[in-house]
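Okay, here's what each chain looks like letter by letter:
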Amino acid sequence: EYITTCTSFHYGVFCIAYDLFAVVIAFRYLLTKEDFSNFKRKLVLEIGKLNKKFIYITETELLEQMGFPNNWKNIARYHTIL
């Protein structure tokens, strides 16, 4: 379960979920393509190291607790629509 904050505006409600994947999404759009690629590569390695240390939780469960969807590695395929 994620911590969520919602604020009402005259045009609707805006909610923010505080999870690590939200930060990864922000980096995807704020960093250069090269910098994001380097960040993602290092993140994959660190998640792999962390997963090896945990024997009572699967990688899927770990990623879920961090707010990551199953297809999180496909984030580089997302494009900005303006």
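Student: Just give me the short version of the overall build of the protein, but keep the residues and values in it.
Tutor: Along its length, the protein carries three helices and two strands. Going from the N terminus to the C terminus, the protein shows its helices and strands as β-β-α-α-α. When the 82 residues of the protein are sorted by exposure, 18% land in the buried category. Within the protein, contacts between residues at least 6 apart in sequence are counted, and of these 48% link residues at least 24 apart. Surface summary for the protein: the accessible area is close to 6800 Å², and the carbon and sulfur share equals 60%.

Student: Give me the lowdown on the pattern of salt bridges, citing residues and values where you can.
Tutor: Tallied over the full model, the rule gives one salt bridge. Residue glutamate 46 is joined to lysine 49 by a salt bridge in which the shortest nitrogen-to-oxygen separation is 3.3 Å. Here glutamate 46 and its partner lysine 49 are both found in helix α2 (residues 33–53), three residues apart, which amounts to about one turn of the helix.

Student: How would you summarise the packing of aromatic side chains if you had to cite specific residues and measurements?
Tutor: Per the stated rule, a full pass over the model turns up four aromatic pairs. Arranged with centres 5.0 Å apart and planes meeting at 85°, the rings of phenylalanine 27 and phenylalanine 39 form a pair that is edge-to-face. Of this pair, phenylalanine 27 sits in helix α1 (residues 20–30) while phenylalanine 39 sits in helix α2, placing them twelve residues apart in sequence. Note on phenylalanine 39: relative accessible area 24%, which makes it partly exposed. Summarising the aromatic geometry, the rings of phenylalanine 68 and tryptophan 72 are spaced 5.0 Å apart at their centres and angled 80° between planes, so their arrangement reads as edge-to-face.

Rules used in this analysis
Residues numbered from 1 in each chain as written. Predicted model: local features only at pLDDT ≥ 70, side-chain atom pairs only at ≥ 80, totals over all residues. Heavy atoms only, no water. Helix = DSSP H or I, 4+ residues; strand = E, 2+ residues; numbered from the N terminus. Buried < 20%, exposed > 50% of the residue type's maximum accessible area, 1.4 Å probe, protein only. Contact = heavy atoms within 4.5 Å. Areas by Shrake-Rupley, 256 points an atom, 1.4 Å probe, with all protein chains shown as cover. Salt bridge = Lys/Arg side-chain N within 4 Å of Asp/Glu carboxyl O. Phe/Tyr/Trp six-rings, centres within 6.5 Å; stacked < 30°, edge-to-face > 60°.

So yeah, pure geometry; function would need other evidence.
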